[in-house]
Amino acid sequence: MKREAKGLIVKRDDGSEVVNYDNAAFPSYIYGGWVVKKATWEKVPHFHEDLEFVTVTSGKMAYSVNGKTVFLHEGDTIMVNSNQIHYSIATEDEVARYVIFVVHPSILMSSVTVEMQAVRPVIDNPEIPYLLFRGYNEYAEEMRKLMKPLPDLRHDAFAVTLKLFQLWEIVRKQVEHYMHTEEETVSDPKMQMVKTMLFYISEHYAEKVKLEEIAESAHISKSFCNNLFQQYVEESPINYLMHFRCRKVAEYLRATPMTLTEIADATGFAGVSYMSETFRKFFDSSPAAYRKQWAKLPEELKDEKKDEKKGE
């Protein structure tokens, strides 16, 4: 069984997500995806070493990057830099579709010289959490043309590598024209605290987690913990915990025959009633109804939703 079908998100020791690549031997994930309000993969804060390119092919949506919301329209492309806290947002009731390309920057590092001159100055720069290519940007159309055919090339490692270098050439031009990369880089200690707390929640969500325990994991006060979550995740720590648990409930409903009582126990809820009430708050459906709806989906749509989760 694929990892994403088990109801598990694989994490590194630092809490970053291990992306489910299309090929285990080649660190790239490409998909033609979609998002709509209340989808279980919407508003899922996460971070990873990989670069994330997203081009909207129809509709409107948004991305949150380190607490800043960036609105995207058809034809727009966003590149989320390595190790930024980010998630997709549905901004309208209609479905928004996009092409997503999640790729590890090591593919670009053909030599130490290339790494130090052309890759590190961008991915290690705290002033570049993301780059946006809109209609008025001179590179927007070129980015869109490079991104749209990628789903058909996802299993061709050489073709994907070639496209990545073409995309990166544009990224470097954008940075050169509009930003500076020569200054000494300094990590953001507040973002590191948030990452630590997100990881703590992902490791302990099935337990009776309290606000003070979340704050203590980053060695900060409860009030500062609340402030950081509002800044970077745009919800309270406890609301994030409840949302995280409900996403786990959805994964168990899709991938296992477990009873609702068993799922409630496995996800940290004090009973089925409370789990159902909280689940409905986030996804407009009871757990039982969600499982029935999932069971009725054609297999290709189930695969699409599983794949969509990989690109959160």
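One structure accompanies this document, and this report is about it. In this text, all values refer to a predicted model and were calculated from it rather than measured experimentally.

Procedures and definitions
Residues numbered from 1 in each chain as written. Predicted model: local features only at pLDDT ≥ 70, side-chain atom pairs only at ≥ 80, totals over all residues. Heavy atoms only, no water. Phe/Tyr/Trp six-rings, centres within 6.5 Å; stacked < 30°, edge-to-face > 60°. Buried < 20%, exposed > 50% of the residue type's maximum accessible area, 1.4 Å probe, protein only. Lys NZ or Arg CZ within 6 Å of the ring centre and 35° of its normal. Core = buried A, V, L, I, M, F, W, Y, C linked by side-chain atoms within 4.5 Å. Helix = DSSP H or I, 4+ residues; strand = E, 2+ residues; numbered from the N terminus. Contact = heavy atoms within 4.5 Å. Pairing = 2+ DSSP bridges. Axes fitted to C-alpha atoms, helices over the stretch in contact; angles between N-to-C directions.

Attention now goes to the packing of aromatic side chains. Scanning the model with the defined rule gives nine aromatic pairs in all. Centre to centre, the rings of Trp34 and Trp41 are 5.0 Å apart; their planes meet at 85°, and the pair counts as edge-to-face. Note on accessibility: Trp34 and Trp41 belong to one class, buried. Connected via pairs of aromatic rings, a cluster forms that spans Tyr205, Phe229, Tyr240 and Phe244. Directly above the aromatic system of Phe269 lies the positively charged group of Arg245, at a separation of 5.9 Å from the ring centroid.

On to the nonpolar core, then. What tends to happen in soluble globular proteins is that the nonpolar side chains get buried as a cluster. Among the nonpolar cores identified, the biggest contains 36 residues, and Met197, Ile214, Cys225, Phe229 and Phe279 are the most heavily contacted of them. Elements with a minimum of two residues in this core: helix H5 (189–204), helix H6 (211–217), helix H7 (222–232), helix H8 (237–255), helix H9 (260–266) and helix H10 (272–283). For this core, the element with the most residues is H8, which contributes nine residues. Among all residues touching Ile214, those that are not within four sequence positions of it are Met197, Tyr200, Ile201, Val209, Cys225, Phe229, Pro237 and Ile238. Ranked by size, the runner-up nonpolar core spans 29 residues in total, among them Phe133, Met143, Met147 and Val171.

Turning next to unusual backbone geometry. Of note, Asn83 is a non-glycine position whose phi angle comes to about 65°, a positive value. Asn83 sits in the partly exposed class, given a relative accessible area of 24%. Its identity as a non-glycine residue notwithstanding, Asp284 has a phi of 55°, on the positive side. The topology assignment puts Asp284 in the loop between H10 and helix H11 (287–296).

A few words now on the sheet that holds strand S7 (residues 96–103). Taken together, five strands build an open sheet; the order of strands is S1-S7-S2-S5-S8 and the sheet is antiparallel. The two strands at the open ends of the sheet, each matched to only one other strand, are strand S1 (28–35) and strand S8 (130–133). This sheet shows a mean twist of 15° between the axes of neighbouring strands, independent of strand direction. Bridge count between strand S2 (residues 51–58) and strand S5 (residues 77–80): four bridges; the pairing is antiparallel. Note on S5: the bridge partner recorded for Glu52 is Val80. Running at roughly 95° to S2, helix H2 (residues 140–147) makes contact with S2, S5, S7 and S8 of the sheet.

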